[in-house]
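Listed below, chain by chain, are the residues.
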Amino acid sequence: QVQLVESGGGLVQPGGSLRLSCAASGSIFRIIAMGWYRQSPGKQRVLVAQITNGGLTTYADSVKGRFTISRDNAKNTVYMQMNSLKPEDTALYYCNVGVTMPVENYWGQGTQVTVSS
């Protein structure tokens, strides 16, 4: 089992910045990738950014150049720096962890990001 604790969400003005954090505990030796998804009411949950144990990153086209994902393997924590935030970035952001042996996915409970005013 893997437990995830998310933090860093909040209210920010357009053009502002936030940094999300997700700390994993439990069977952390099984983790092969960590990332962030987001979901707005009535919409599908979509990938924002992901990073593998080897450091390979994936970003949604809508956030390239503005968001940066990083990982501290020693702390089993993934971060996402979000700059130049736009109102359309408003969503509930979920931490996601992929594991092996067996292959499974774990989800955090979500942290709200609101970009307004």
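Cut-off values and rules
Residues numbered from 1 in each chain as written. Predicted model: local features only at pLDDT ≥ 70, side-chain atom pairs only at ≥ 80, totals over all residues. Heavy atoms only, no water. Phe/Tyr/Trp six-rings, centres within 6.5 Å; stacked < 30°, edge-to-face > 60°. Helix = DSSP H or I, 4+ residues; strand = E, 2+ residues; numbered from the N terminus. Lys NZ or Arg CZ within 6 Å of the ring centre and 35° of its normal. Buried < 20%, exposed > 50% of the residue type's maximum accessible area, 1.4 Å probe, protein only. Disulfide = S-S within 2.5 Å. Pairing = 2+ DSSP bridges. Axes fitted to C-alpha atoms, helices over the stretch in contact; angles between N-to-C directions.

*Asks:* So what's going on with the packing of aromatic side chains? Which residues, and what values?
*Replies:* Applying the stated criterion to the full structure yields one aromatic pair. Ring centres of Tyr37 and Trp107 lie 5.0 Å apart, and the angle between their planes is 70 degrees; on these two criteria the pair is classed as edge-to-face. Residue Tyr37 is found in strand β4 (residues 31-39), and its partner Trp107 is found in strand β10 (residues 104-107); the two are separated by 70 residues along the sequence. The positively charged end of Arg45 is found above the aromatic ring belonging to Tyr94, 3.7 Å away from the centroid. Residue placement shows Arg45 over the ring face of Trp107; its charged tip is 4.6 Å from the ring centre.

*Asks:* Account for unusual backbone geometry, with residues named and values stated.
*Replies:* Here Met101 and Pro102 are connected by a cis peptide whose omega angle stands at -5 degrees. Tracing the sequence through the fold places Pro102 in the loop between β9 (91-99) and β10. Of note, the phi angle at Asn76 is positive, near 50 degrees, even though the residue is not glycine. The topology assignment puts Asn76 in the loop between β7 (67-72) and β8 (77-82). Here Asn76 falls in the buried class, since its relative accessible area comes to 14%. Even without a glycine there, the phi angle at Ser117 is positive, about 75 degrees. Among the secondary structure elements, Ser117 is positioned in the segment after β11 (111-115). Among the residues examined, Ser117 registers a relative accessible area of 83% and is labelled exposed.

*Asks:* I'd love a proper account of the state of the cysteines, names of residues and values included.
*Replies:* Enumeration over the complete set of coordinates arrives at one disulfide. There is a disulfide in this structure between Cys22 and Cys95, and the S-S distance comes to 2.0 Å. Because the torsion about its S-S bond is -85 degrees, the bridge between Cys22 and Cys95 counts as left-handed. Taken together, the residues Cys22 in strand β3 (residues 18-26) and Cys95 in strand β9 connect sequence positions 73 residues apart.

*Asks:* Go over the sheet that holds β3, please, and point to the residues and values.
*Replies:* Read from one edge of the open sheet, four strands run β1-β3-β8-β7, paired in antiparallel fashion. Each edge of the sheet is formed by a strand with only one pairing partner; in this case those strands are β1 (2-7) and β7. Taking the axes of each pair of neighbouring strands and ignoring which way they run, one obtains an average angle of 15 degrees across the sheet. Bridging between β1 and β3 involves six bridges; their strand directions are antiparallel. Bridging from a neighbouring strand, Glu6 pairs with Cys22 of β3.

Don't take any of this as a statement about function, it's just geometry.
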